[in-house]
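Overview (structure and organization)
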Amino acid sequence: MKFLESRPRRGRARSATDRSETRPLPELVACCLDKLKNSGVLDHALNSPIYHDSWQEAGIDPAQVRTYSDFIRIPFMTSGHLRAVLADTAPADLAGDTDVRFWISTSGTTGKPKWIPVGEGDIANIMAAAKRMLSMAADPGEDLSFLALGAPAPFASESWIYLAFAVFFRENRATNSAMFTLPELMDALYFARKLKSRTMYAFPSIAVLIGENVAQRAAGEAALLFRKKKNLRNFLAMAATRVIHVKARHVFRFRKGLFAGEPVPPYAKALKQSFNLEAFAAYGSTESAHVAIIECDRHQGMHVFLDTCLPEIIPEAELERERDDPAYRPHAIPLWEAQHGLSGELVLTTFAEAFPLVRHRISDLVRVEGTTPCACGRTHPRISILHRSDDIISLGLIRFSIYLLKSKLEAVSINGRIGQWRLRLTREGVKPKMLLEVRSERPAAEAALRREILERIDEIEGVRQARENGLIAAPEIRFVEEISDTRGQSGKDRLVTYEPAYFSGD
Ligand SMILES: [Zn+2]
């Protein structure tokens, strides 16, 4: 196995220092297309039960795929198809003829566990992507003191972070890292305080929640400390918490944070206030751990590193046509040819071995932030994440199908019935919030009906837990005379809409 060599230490330079990150875009594109051929990803995919049937039907022969125009003959692979194959396939059959080194489990975006195989050839690539992301959020040459916070199901989990640690061990770089998950998360933070961790890796909503908890617990903890040891120092600390509003930044010394799993902009201000850290948004999933997509210190979108994936975008106009006519096959354009400001669904191809993603429609709506060189010097194009483009309702870490919500609302029957509804996704502070507009058929029993609806919503896996733990705001039910504007451009009902606050936070 070959591991990447150590990146040269060059003091505190914060811009791109690596030549592979500043090459002209056409060179990066050539490198991307070379990897598509030389990584063998298409041959691996052909043997995978995920692609085998649809590729045969479309007559795809990996040996004939030489250019991007050959590549676009390959059919898209959707998240729904992927879920169905994973549910029906024995793990041993999933990786085709690849030797699997280990498996990574993830609860996935909808809470259903998935097992993702990692092959021999994948390990170095995952480590390289992890290293790239961590290096972006840590000054080169500086010792890496790193705290990773995971989360158990029904939240997404990311066990591949261990590979990120391993890459620094291999390079003999000074690191001081720890990884924790709920429920020992708060204890972990006090441990991190002793370690003097400088970089945090977490879901942004979890980090904000920690910030709130620290503020709430600070006074009690100081009093406890004073009761244990009654000295002047502890007395002053206790007294101070009564006059100073203690924030997480008074307790911890994080300088930077690497955040993924949810769009970061709504949380950025709260993270700055709580921890006084610089937040770096990253994007990824367990299935695409080979791919490096992360913000630089100019914070003008996340760089999509073209030597780790082949990114494409299905423009919104094409998605709209597909909504009108489900038989329509939308066209994608490569990210490097997309115009600044274009929004559409992200389509990713990885260069993986055991679990290749080829033209995978990620179901996330993104915006192109630029394909010209960034102020940091890097030439890899930049994107930002807007929201889901499919039928998944995303409340940050809690995600569920709109059809699940629909079935819960249809089951409401004791205190009246719901004639029509629309879900507006917004935020209360930074917390994702469901604002459900309801036209009821028996408006007289509103209070009881409201309670019944809320109970039904609470039955959705993870919702009650997230609400009680303060990860999401309590849902609000608003009774209305009529529900207008539920039709999109295509004239179809839009049951879910996004409010401006959803993107920015209050
Ligand atoms: Zn940049």
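The notes below deal with the structure included here. Every value quoted in this text rests on a predicted model; they were computed, and no experiment measured them.

Attention shifts here to the sheet that holds strand 21 (residues 496-498). Taken together, 4 strands build an open sheet; the order of strands is 20-19-18-21 and the sheet is mixed. Every interior strand has two partners, whereas the edge strands, strand 20 (476-479) and strand 21, have only one. Pairwise comparison of adjacent strand axes, ignoring direction, gives a mean angle of 25° for this sheet. Of the strand pairs in this sheet, strand 18 (residues 418-428) and strand 19 (residues 431-440) are connected by 10 bridges, and their pairing is antiparallel. Opposite Ile 418, over in strand 19, you have Ser 440 as the bridge partner. Docked against the sheet, helix 15 (residues 402-410) engages strand 18, strand 19 and strand 21, running at close to 130° with respect to strand 18.

What follows is about a nonpolar patch on the surface. A grouping of Leu 232, Phe 235 and Leu 236 is seen on the molecular surface, where their side chains present a nonpolar patch of about 310 Å² in accessible area. Counting through the fold element by element, Leu 236 comes out in helix 11 (residues 232-243).

A separate point is the coordination of the zinc ion. Coordination of the zinc ion by the protein involves Cys 296 (SG), His 303 (NE2), Cys 374 (SG) and Cys 376 (SG), with metal-donor separations of 2.1 to 2.3 Å. Here the zinc ion is ringed by 4 donor atoms whose angles at the metal span 103 to 113°, and the overall shape comes out tetrahedral. Along the chain, the residues donating to the zinc ion are arranged with the sequence spacing C-x6-H-x70-C-x1-C. Taken together, the positions of Cys 296 in the loop between strand 9 (293-295) and strand 10 (302-304) and Cys 374 in the loop between strand 14 (360-370) and strand 15 (382-388) put the pair 78 residues apart, joining distant regions of the chain. Comparing Cys 296 with Cys 374 shows no difference in burial state: the two are buried.

Tracing the backbone shows Leu 310 in strand 11 (residues 309-315). Along the backbone, Leu 310 and Leu 36 are 274 residues apart, and their C-alpha atoms lie at a distance of 7.8 Å.

In this section: the pattern of salt bridges. Counted under the stated rule, the structure contains 23 salt bridges. Glu 437 is the salt-bridge partner of Arg 424, the closest N and O atoms lying 3.0 Å from each other. With Arg 424 in strand 18 and Glu 437 in strand 19, the pair connects residues that are 13 residues apart, well separated along the chain. When its relative accessible area of 8% is taken as the criterion, Glu 437 is described as buried. A salt bridge links Glu 459 to Arg 456; the nearest nitrogen and oxygen atoms lie 3.3 Å apart. Overall, the relative accessible area of 41% leaves Glu 459 in the partly exposed class. When salt bridges with common partners are traced through the structure, they connect Glu 21, Arg 132, Asp 307 and Arg 378 into a single cluster.

Before going further, it helps to spend a moment on the pairing of strand 8 (residues 278-281). The pairing of strand 7 (residues 256-259) with strand 8 spans 4 bridges and is classified as parallel. Residue pairing for strand 8: Lys 256 is matched across the bridge by Glu 278. Considered for its hand, the β-α-β crossover made up of strand 7, helix 13 (residues 265-275) and strand 8 is right-handed.

Here we take up unusual backbone geometry. Note: most residues except glycine have negative phi, and most peptide bonds are trans. Even without glycine at this site, Asn 276 takes up a positive phi of about 55°. Structurally, the position occupied by Asn 276 is in the loop between helix 13 and strand 8. With a phi angle near 50°, Arg 359 is a residue other than glycine that sits in the positive phi range. By the element assignment, Arg 359 lies in the loop between strand 13 (343-350) and strand 14.

This model, assessed by the stated rule, comprises 7 aromatic pairs. Aromatic side chains Tyr 51 and Trp 55 sit 5.4 Å apart centroid to centroid with 50° between the ring planes, which places their arrangement in the tilted category. Residue classification places Trp 55 among the buried positions, given a relative accessible area of 0%. Consider the rings of Phe 254 and Phe 275, whose centres lie 6.0 Å apart with planes at 70°: the pair is edge-to-face. Taken together, the positions of Phe 254 in the loop between helix 12 (248-251) and strand 7 and Phe 275 in helix 13 put the pair 21 residues apart, joining distant regions of the chain. Summarising the burial analysis for this pair, Phe 254 and Phe 275 share the class buried. Aromatic rings pair up to connect Tyr 68, Phe 71 and Trp 336 into one cluster. Residue placement shows Arg 361 over the ring face of Phe 76; its charged tip is 5.7 Å from the ring centre. Over the face of the ring belonging to Tyr 502 we find Arg 427, whose NZ or CZ atom lies 4.8 Å from the ring centre.

What counts, and where the lines are drawn
Residues numbered from 1 in each chain as written. Predicted model: local features only at pLDDT ≥ 70, side-chain atom pairs only at ≥ 80, totals over all residues. Heavy atoms only, no water. Pairing = 2+ DSSP bridges. Helix = DSSP H or I, 4+ residues; strand = E, 2+ residues; numbered from the N terminus. Axes fitted to C-alpha atoms, helices over the stretch in contact; angles between N-to-C directions. Contact = heavy atoms within 4.5 Å. Patch = residues over 30% accessible without salt bridge, like charges linked within 9 Å, V, L, I, M, F, W, Y side chains within 5 Å. Areas by Shrake-Rupley, 256 points an atom, 1.4 Å probe, with all protein chains shown as cover. Salt bridge = Lys/Arg side-chain N within 4 Å of Asp/Glu carboxyl O. Donors = N, O, S within 2.8 Å, 3.2 Å for Na, K, Ca; no water. Tetrahedral: all angles 85-135°; square planar, octahedral: opposite > 155°, others 65-115°. Buried < 20%, exposed > 50% of the residue type's maximum accessible area, 1.4 Å probe, protein only. Right-handed = clockwise from strand over helix to strand, strands pointing away. Phe/Tyr/Trp six-rings, centres within 6.5 Å; stacked < 30°, edge-to-face > 60°. Lys NZ or Arg CZ within 6 Å of the ring centre and 35° of its normal.

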